Amino acid sequence: MPITGLTRDGTTYIPEFLVSIDAESCIGCGRCFKVCGRGVMSLKGVDEDGELVDLEDEGDEDYDDDEFERKIMVVVNAGNCIGGGACARVCPKDCHEHAPAEAA
Ligand code: SF4
Ligand code: SF4
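Throughout what follows, the structure given in this document is the object of discussion.

**Re a negative patch on the surface**
Thinking step 1. On the surface, a cluster of negative charge is contributed by Glu48, Asp49, Glu51 and Glu69.
Thinking step 2. Locating Glu51 in the fold gives a position in the loop between β4 (41–46) and β5 (52–53).

**Here we look at the site of ligand 2**
Thinking step 1. Surrounding ligand 2, one finds 13 residues, the nearest of these being Cys26, Cys29, Gly30, Cys32 and Cys91.
Thinking step 2. Among the residues forming the shell around ligand 2, the class breakdown is nine nonpolar, three polar and one charged.

**Some details on the site of ligand 1**
Thinking step 1. Surrounding ligand 1, one finds 13 residues, the nearest of these being Cys36, Cys81, Ile82, Gly85 and Cys87.
Thinking step 2. When its residues are assigned to classes, the shell around ligand 1 shows eight nonpolar, four polar and one charged.

**Things to note about the pairing of β4**
Thinking step 1. Pairing between β4 and strand β6 (residues 70–75): six bridges, direction antiparallel. Across the sheet, residue Lys44 finds its bridge partner in β6, namely Ile72.
Thinking step 2. Where β4 meets β5, two bridges bridge the pair, whose relative direction is antiparallel. Residue pairing across strands places Val46 opposite Leu52, the latter belonging to β5.
Thinking step 3. Between β4 and β5, which pair antiparallel and follow one another directly, the connecting turn spans five residues, one of which, Gly50, has a positive phi of 85°.

**Let's talk about the sheet that holds β5**
Thinking step 1. Taken together, three strands build an open sheet; the order of strands is β5-β4-β6 and the sheet is antiparallel. Here the strands that pair on one side only, and so sit at the sheet edges, are β5 and β6.

**Re the side chain of His98**
Thinking step 1. One can find His98 in strand β7 (residues 96–99).
Thinking step 2. A polar contact of 3.0 Å, which involves the side chain of His98, links it to the backbone oxygen of Glu16.

**Overview of the side chain of Asp47**
Thinking step 1. The topology assignment puts Asp47 in the loop between β4 and β5.
Thinking step 2. Not counting residues up to four positions away in its chain, the partners in contact with Asp47 are Val53, Glu67, Phe68 and Glu69.

**Examining the nonpolar core**
Thinking step 1. Counting residues in hydrophobic clusters, the biggest one holds 15 residues, and the most contacted among them are Leu18, Ile21, Met41 and Met73.
Thinking step 2. Among the elements of the structure, β3 (17–21), β4 and β6 are those that each provide at least two residues to this core.
Thinking step 3. Apart from residues no more than four positions distant in its own chain, Ile21 is found in contact with Met41, Met73, Val74, Val75, Cys95 and His96.

Scoring rules and cut-offs
- Counting restarts for each chain, with residues numbered from 1 along the sequence as it is written.
- Here every chain gets a letter starting at A, and every ligand a number starting at 1, in the order they are written.
- Since the coordinates come from a predicted model, pLDDT governs what is reported: local features require at least 70, and pairs of side-chain atoms require 80 or more to be given and counted, while whole-chain, interface and lining totals use all residues.
- Side-chain descriptors were evaluated using all non-hydrogen atoms of the structure, hydrogens and water having been removed beforehand.
- Note on patches: the residues involved have over 30% relative accessible area and no salt bridge, like charges join within 9 Å, and the nonpolar side chains Val, Leu, Ile, Met, Phe, Trp and Tyr join within 5 Å.
- The accessible surface values rely on the Shrake-Rupley method and a 1.4 Å probe; as for residues, cover is taken only from the protein chains in view.
- A side-chain nitrogen of Lys or Arg and a carboxyl oxygen of Asp or Glu constitute a salt bridge if their distance falls within 4 Å.
- Working convention for charge: Lys and Arg count positive, Asp and Glu count negative, and His plus the chain ends are omitted.
- Charged groups are reduced to one reference atom each: NZ for lysine, CZ for arginine, CG for aspartic acid, CD for glutamic acid.
- For the purposes of this entry, the term helix denotes a DSSP run of H or I that reaches at least four residues, the term strand denotes a run of E that reaches at least two, and both are numbered from the N terminus.
- Whether a residue is near a molecule or strand depends on its heavy atoms: if one lies within 4 Å, it is near.
- Throughout this entry, Asp, Glu, Lys and Arg are counted as charged residues, while Ala, Val, Leu, Ile, Met, Phe, Trp, Tyr, Cys and Pro are counted as nonpolar. The remaining residues, Gly among them, count as polar.
- The rule for pairing is simple: two strands pair if DSSP sees at least two bridges between them.
- Residues adjacent in sequence count toward polar contacts only when both atoms are side-chain atoms; beyond that, a polar contact is any pair of N or O atoms within 3.5 Å, and within protein one must be able to donate a hydrogen and the other to accept it.
- Residue contacts follow a heavy-atom distance rule, with two residues in contact if any of their heavy atoms lie within 4.5 Å.
- Residues grouped as a nonpolar core are buried Ala, Val, Leu, Ile, Met, Phe, Trp, Tyr and Cys residues, joined through side-chain atoms within 4.5 Å.
- For every residue, the accessible area obtained with a 1.4 Å probe (protein chains only) is divided by the maximum for its type, and the residue is called buried under 20%, exposed over 50%, and partly exposed between those limits.

Set out below in structure tokens:
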């Protein structure tokens, strides 16, 4: 049985939860982050070895953008997703994969 949700008028729907973000396609624009109110995603740096690095506060005096080659969005709290799909609708590179989830 898939997890179902209820709309305001009590209609049942099947949420499509965020499963993954395509790291190759992502350009780190941050649009998906801005429309997600659930803290599911986070912008990370990718260093020259392809490893993810945390992005410190850009206003921090220790901030050093030489530590990474590019930025990408990653899933950090998949369990917070409510499956509305706003992130996918604003992505210019079609990076997000969504799917229903099975109830435990
Ligand atoms: S589907 Fe909605 S809650 Fe889930 S990551 Fe995308 S914007 Fe956030
Ligand atoms: S909207 Fe798409 S391209 Fe932009 S950061 Fe999110 S996943 Fe990456």
